[in-house]
Amino acid sequence: MSTQSSASDSEIIAARDRVELLRAEILRHNHLYHTLDAPEISDAEYDTLFDQLRRLEADFPELASADSPTQTVGAAPGRTFAVIEHRQRMLSLGNAFNAEELIAWQQRASDLLDREQWTYVTEPKIDGLAIALVYERGRLVQAATRGDGRAGEDVTANLRKIDAVPNELSGSPPARFEVRGEVYMPKAGFEAMNAEIAEQNQRRREAGRSQLTLYANPRNAAAGSVRQKDAGVTATRPLSIGIYQLGWCDDAITPDNHWETLGWLSEFGFPTTPEAARHEGIEAALDACERWTQRRDSQPFEMDGVVVKVDDLGLQADLGIVGREPRWAIAWKFPPQEASTVLERILVNVGRTGSINPYARLRPVRVGGVQVTNATLHNLDDIRRKDIREGDTVVIRRAGEVIPQVVRPVLERRPEDSVEWEMPTVCPGTTCGEALCSNQHCGGERGVKDVCEGAWCGAGVSRKDEDADFYCDNHRCPAIVQRAIEHFASRGAMDIRGLGEKMIRLMLREGVIGDAADIYTIPGRLEELARVPGLGQVKRRKGEDHFEVGDRLRNLAAAIERSKSRGLASVLVGLGIRHVGGENASLLADQFGSLDAILLAPAETLAAVDGVGPIIAESIVEWALDGESWSLVHRLQAAGVEDESERTEVEPIDTPLEGLRFVLTGRFAAMTRPEAEAQLKSLGAGVGSSVSKNTSVLFAGEAAGSKRRKAESLDLPIWDEDQLVQVLARPRLAIDWLRDASALEPDAPI
Ligand code: IVH
């Protein structure tokens, strides 16, 4: 056994000082505990001192001494998951699920301290696990989980392995203090780690070995990774930390508000919670919470809410604690994004490119405030990887605007007779959508909807090399045709309002159109089309049905005419050539000036355009080699669709909402706020972010807060989501409603 360390003299001197201090301190506590029966520190703190001493003595054998308390008292406490008592309790937070609850929280504080002026700090509420870190002379000496708030687990060894947790502080930190924060696993790291585990499982399954557990979410992954018995495993996990609080602090002058405390802590090298913000008054804090609710998915980590804290630490102390929760902070909670339900069937639909895409038909369930019945399943590989079967209870997740995902099955609840799902061997593409169809894979399957009138593809399906998807072999597959027309008419392409999925399905079924070019025959056939069920307007006169063109067809015809002058880039997008999207279509349009020039260019010339590249170029050339493509192009050209990039005089656009100024607040179920705002703007309206007397109308969605109250105080019209949807469909309604309102109040401004 060596009795000398390889440390330098100065290190040994520093260590000796520390060792002597620790020994004296431990002996004093021994005396307090055993002789006076009046301990000053908890057992866990004692154990920590003891452990430090033991480790120093191990590192510096030259400092060993028979007098040391390590030699006279029994064995050192176990190092893994020993219990650590917190010097100050670690609290949890009360919740506010809406504006009223947040305001009520501030009102209680106001009443208690008879005070109106409040400054708040908002911080993301990171979904991970709470950790208390103790630093001594700038070094991490202890890390503990929250546990029951009074005592947690000693995870010091594990936390030392997390890069984001500073082992050594910079600057001049206090001699001894504690910080608190949330250890979390960033979303990207979580996905990568789970994908890795899934891959291992695939191999293990093949080898007949037991499966490793996939983590259900980043929070569980973070907690599981910190609580590893082997700190070496923790080291391999992609963990991070956000420090959100100064715990206790010995002998130092600390800032007197939370905001400055965060800045002060970051000077020592702590990664404090990102995007913290300070606000005057609860309305401003509420606004921040509402903005966060809209962009909860914008951060690289999972958030389950926003923490609102009273900034002034003196006021925090005055407010104190009730039960396990402080009165000075509250969690603004987002609606949950995960739920479990039964996956009733796995169905497939056929995409625009002919890809056969499996999706889950679910027993309806509410997630993130929205009723969900379908969720995407990506492809066969993904279904196998996650081991998802029909009849499983599954966890589904809806993140922001993204289509719900099936996260995993709950294996304990799998029915005994369940079998692996197989990809259909023939293309299930139909145009029915509302069908009792002979095709069992049809999206309008038996028992969900009643009558099938759609065409069924039934061609073979095959897998291209390297591609995870299966594709239909039939170019004229009815589902592909439907999707192609939907894409042509969509907002990113020709933007033909009134020509959505249902209308296209009806027109295909009734033989009104067969492809995108046929759309341009519609304006010339209105009288004839008025007789097609579902298109015209039926009036009963003298006992007989009369078919009239009606607003719907007339508006559609006008939208079709308008679409002719959307310009070359839109037409190019509308053709649905693989990989050709808005951005590269504009680049090509600018460069080549006409559709013919683009479609006739050699691949190298196309690929030479900055931002285009060989994959897009090849895809265009391949598309142009197909005779059917040219027939479509020629018919579009013959119909008068503008296919050159020198834009002719832009037709005056219909702007019925010109002169009106709207503000939107809260959550809308049918669309996102930016979508609604963009549509209102395209109709000529102004859209503002704050309510003033110049605001014409406030559209208030769910959980509307301060803006709503402001609008109420200004006596402005407040309309709900239903009205928003109606105004977007028939903008002139807005003018009518405002007129009606001002008819009652002659002085009301419009
Ligand atoms: S402050 C007095 N700030 O949320 C309470 N907590 O539900 C101190 N959390 O145990 C907590 N991010 O684990 C605070 N920016 C943040 C937070 C945060 C996540 C967690 C923390 C706490 C739990 C309370």
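Residues numbered from 1 in each chain as written. Predicted model: local features only at pLDDT ≥ 70, side-chain atom pairs only at ≥ 80, totals over all residues. Heavy atoms only, no water.

Enquirer: So what exactly am I meant to see when it comes to the pairing of strand β21 (residues 537-541) here?
Expert: If a strand is regular, its side chains alternate between the two faces of the sheet. The pairing of β21 with strand β22 (residues 544-548) spans five bridges and is antiparallel. Bridged to K539 within β22 is H546. The loop that links β21 with its antiparallel partner β22 comprises two residues; one of these, K542, has a positive phi angle of about 45°. (Pairing = 2+ DSSP bridges. Helix = DSSP H or I, 4+ residues; strand = E, 2+ residues; numbered from the N terminus.)

Enquirer: What exactly am I supposed to notice about the site of the ligand here?
Expert: Around the ligand lies a shell of 16 residues, among which E123, K125, I126, E182 and K309 are the nearest. Take E123: an N or O atom from its side chain is 2.8 Å from a nitrogen atom of the ligand. The side chain of E182 places a nitrogen or oxygen atom 2.4 Å from an oxygen atom of the ligand. Surface burial for the ligand is 93%, taken as the share of its 520 Å² of free accessible area covered by protein chains. Those elements that place two or more of their residues in the shell around the ligand are β3 (119-126), β8 (240-250) and β10 (303-310). In terms of residue count, the dominant contributor to the shell around the ligand is β3 (four residues). A per-class count over the shell around the ligand returns nine nonpolar, two polar and five charged. (Near = heavy atom within 4 Å. Polar contact = N/O pair within 3.5 Å; in protein donor to acceptor, adjacent residues only side chain to side chain. Areas by Shrake-Rupley, 256 points an atom, 1.4 Å probe, with all protein chains shown as cover. Nonpolar A, V, L, I, M, F, W, Y, C, P; charged D, E, K, R; others polar.)

Enquirer: Which parts of the structure should I look at to understand the packing of aromatic side chains?
Expert: Each aromatic ring pair is summarised here by two numbers: the centre-to-centre distance and the angle between the ring planes. What the rule picks out here adds up to 11 aromatic pairs. For the pair W264 and F268, a centre-to-centre distance of 4.9 Å together with 75° between the ring planes defines the contact as edge-to-face. Take W264 and F268: they sit in the same class, and that class is buried. Judged by centre distance (6.3 Å) and plane angle (85°), the ring pair of F488 and Y520 falls under edge-to-face. With F488 in helix α13 (residues 478-489) and Y520 in the loop between α14 (501-509) and α15 (526-529), this residue pair connects regions lying 32 residues apart in the sequence. Accessibility expressed as a relative area gives 1% for F488, which makes it buried. Ring pairing ties together the aromatic residues Y135, F177, W264, F268 and F270, which thus form one cluster. (Phe/Tyr/Trp six-rings, centres within 6.5 Å; stacked < 30°, edge-to-face > 60°. Buried < 20%, exposed > 50% of the residue type's maximum accessible area, 1.4 Å probe, protein only.)

Enquirer: Where do I start with helix α18 (residues 582-592) in this structure?
Expert: Each turn of an α-helix holds 3.6 residues, which means side chains three or four residues apart point in the same direction. Taken as a whole, α18 has its buried residues at N584, A585, L588, A589 and F592. One side of α18 holds all its buried residues, which, seen down the axis, span an arc of 140°. Exposed residues pointing more than 90 degrees away from the buried face of α18 are listed as E583, D590 and Q591. Packed against the buried residues of α18 are α17 (568-574), α19 (595-600), α20 (603-607) and α21 (613-624). G593 lies just past α18 and shows a positive phi near 80°. (Arc of directions from axis to C-beta. Contact = heavy atoms within 4.5 Å.)

Enquirer: Can you help me understand the sheet that holds strand β4 (residues 129-136) in this one?
Expert: The pairing of strands in a sheet comes from backbone hydrogen bonds and takes either a parallel or an antiparallel form. Pairing in this open sheet of four strands is antiparallel, and the strands run β5-β4-β7-β8 from one edge to the other. Since the sheet does not close on itself, it has two edges, and those belong to β5 (139-145) and β8, each with one partner. Direction aside, the axes of adjacent strands within the sheet are offset by 25° on average. Contacts from helix α9 (residues 258-267) reach β7 (176-184) and β8, with the element oriented near 110° to β8. (Axes fitted to C-alpha atoms, helices over the stretch in contact; angles between N-to-C directions.)

Enquirer: It is not clear to me how the sheet that holds strand β13 (residues 329-333) should be interpreted in this structure. Could you clarify?
Expert: The sheet built from five strands is open, its strands ordered β2-β13-β10-β3-β9 with mixed pairing. Across the chains shown, the open sheet's two edge strands, defined by having one partner strand only, are β2 (94-96) and β9 (277-280). For this sheet, the mean angle separating the axes of adjacent strands, direction not counted, is 35°. Relative to β10, β3 is paired through seven bridges, and the arrangement is antiparallel. Across the sheet, the residue bridging to V121 is K309, located in β10. In this fold helix α4 (residues 99-113) packs onto β2, β3, β10 and β13, with an angle of close to 175° to the strand it touches most, β13.

Enquirer: Could you clarify how one ought to interpret the pairing of strand β23 (residues 661-665) in this entry?
Expert: Most of β23 sits inside the fold, with four of its five residues counted as buried. As paired elements, β23 and strand β24 (residues 686-688) share three bridges and run parallel to each other. Following the sheet pairing, F662 is matched in β24 by V687. In the sheet, β23 pairs with strand β25 (residues 697-700) via four bridges, with the strands oriented parallel. The residue of β25 that forms the bridge with F662 is V697.

Enquirer: How should helix α22 (residues 627-638) be read in this particular structure?
Expert: Along its 12 residues, α22 runs 17 Å from first to last C-alpha, staying within 8% of the 16 Å computed at 1.5 Å per residue. Within the span of α22, buried status applies to S629, W630, L632, V633 and L636. Axial view of α22: buried residues confined to an arc of 160°, hence all on one face. Exposed and oriented more than 90 degrees from the buried face of α22 are G627 and A638. Close packing links the buried residues of α22 with α13, α19 and α21. Residue D626 occupies the N-cap position of α22, its side-chain oxygen lying 2.9 Å from the main-chain nitrogen of E628. Remark: G640 follows α22 within two positions and exhibits a positive phi of approximately 95°. (Expected span 1.5 Å × (residues − 1).)

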